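Letter by letter, the chains look like this.
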Amino acid sequence: SIIDPIDLDSKGYYLLIGVGEFGRPYWLDYRGIPPGSTFPDLNSVAKDVNLMFNVFGADNDLNTGAIASLVNDKATRANIYNRLGRLIDEMESNDYLVIYFSGHGIGGSEYEFDALAIYDDFLGDLELREYIESRFKARGTAINDVTLIIDACHAGSFADGNTRPVEPKAFQRAGYTVIASSRPNQESYVSTDLDLGLLTYHISEGLGANKADLSGNSGNNDGVVTARELYNYVKPLVYSDSGRAQDVYLHQGNGDPVIFKYAH
């Protein structure tokens with residue numbers, strides 16, 4: 001049985017991004033990209049985003065302030081910044097923000113920088129953090145509860161605590177929680193049977209089916225799923241399904257935020 005003692009009055013704001021198509025091969029313009037690097041189309045990302053939209057929008061019993069999705073040619077730098085800025089501007093001081101990404105990522109020792117491959121350019125970890133912080137600063141609001149869920153190769157580069165020659169990993173700091181599908185030097189895989197990212201599929205089961213909150217798995221049966229409960233649930237499943245090639249990573253920068261409430 002599920003007990004339900006927790007009543008949260010804060011609202012969640014969600015931005016879901018999926019990029020598996022590109023306007024042009026812009027990575028050829030960058031130094032620090034290994035010769036011969038390609039970013040093939042990913043048909044799975046639209047399904048990933050749609051699944052997560054349903055999980056966060058329909059299955060979630062937490063208060064939802066707004067939920068938005070940007071897929072493929074809609075996921076340009078300008079559109080991502082515009083929609084993200086609008087979500088932050090709507091938030092109140094105790095609300096929380098969740099950013100989900102499905103697609104290609106770069107990082108680790110293979111590359112000279114850490115970034116997500118969006119439709120028209122790379123979106124670096126540091127520039128994304130700086131944009132988020134500039135919008136919160138303009139509102140005079142501290143960053144207490146921003147969660148990034150990244151289903152991409154090298155996703156752990158966004159918050160693994162290692163350093164580049166100049167800057168530490170952007171999201172290794174208080175106020176941010178990062179659930180990354182893989183370590184900095186690992187690829188992230190898509191289930192050929194389901195045509196979904198492995199992390200995305202297991203997150204949808206952990207949240208929408210409430211499996212991450214069950215005491216037999218990783219939770220405490222209190223009706224809500226925290227970042228740690230979700231991580232503890234998905235980590236062994238992704239590791240097993242990937243043939244031990246993909247190790248989910250968690251950075252907790254400010255406690256253990258609640259990101260989902262089971263609708264029952």
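Everything that follows concerns the structure shown earlier in this document.
These remarks concern the structure in this document. Being a predicted model, the structure only gives us computed values, none of them experimental.

### Brief notes about the sheet that holds strand 12 (residues 249-252)
Taken together, six strands build an open sheet; the order of strands is 2-1-3-7-8-12 and the sheet is mixed. Here the strands that pair on one side only, and so sit at the sheet edges, are strand 2 (63-71) and strand 12. Taken pair by pair, the neighbouring strands of this sheet meet at an average axis angle of 10 degrees, ignoring direction. Here strand 3 (residues 96-103) pairs with strand 7 (residues 146-151) via six bridges, running parallel. The partner of L97 across the bridge, within strand 7, is V146. Its contacts with the sheet put helix 1 (residues 44-59) on strand 1 (11-19), strand 2, strand 3 and strand 7, and the angle it makes with strand 1 is roughly 170 degrees. Its contacts with the sheet place helix 4 (residues 198-208) against strand 3, strand 7 and strand 8 (176-180), and it is angled at close to 130 degrees to strand 7.

### Quick look at the packing of helix 4 against helix 5 (residues 227-241)
Relative placement of two packed helices is described by the angle separating their axes and the distance separating the axes. Running from N to C, helix 4 and helix 5 cross one another at 140 degrees; their axes reach a closest spacing of 9 Å. Looking at the two axes, helix 4 sits oblique to helix 5. Between helix 4 and helix 5 lies a crossing of right-handed hand. Contact residues: helix 4 offers L198, L199, H202, I203, E205, G206 and L207, while helix 5 offers L230, Y233, V234, L237, V238 and D241. Residues of the contact of helix 4 with helix 5, tallied by class, amount to nine nonpolar, two polar and two charged.

Criteria and thresholds
- Residues numbered from 1 in each chain as written.
- Predicted model: local features only at pLDDT ≥ 70, side-chain atom pairs only at ≥ 80, totals over all residues.
- Heavy atoms only, no water.
- Pairing = 2+ DSSP bridges.
- Helix = DSSP H or I, 4+ residues; strand = E, 2+ residues; numbered from the N terminus.
- Axes fitted to C-alpha atoms, helices over the stretch in contact; angles between N-to-C directions.
- Contact = heavy atoms within 4.5 Å.
- Parallel < 35°, antiparallel > 145°, perpendicular 65-115°, else oblique.
- Left-handed = near helix turned anticlockwise from the far one by under 90°.
- Nonpolar A, V, L, I, M, F, W, Y, C, P; charged D, E, K, R; others polar.

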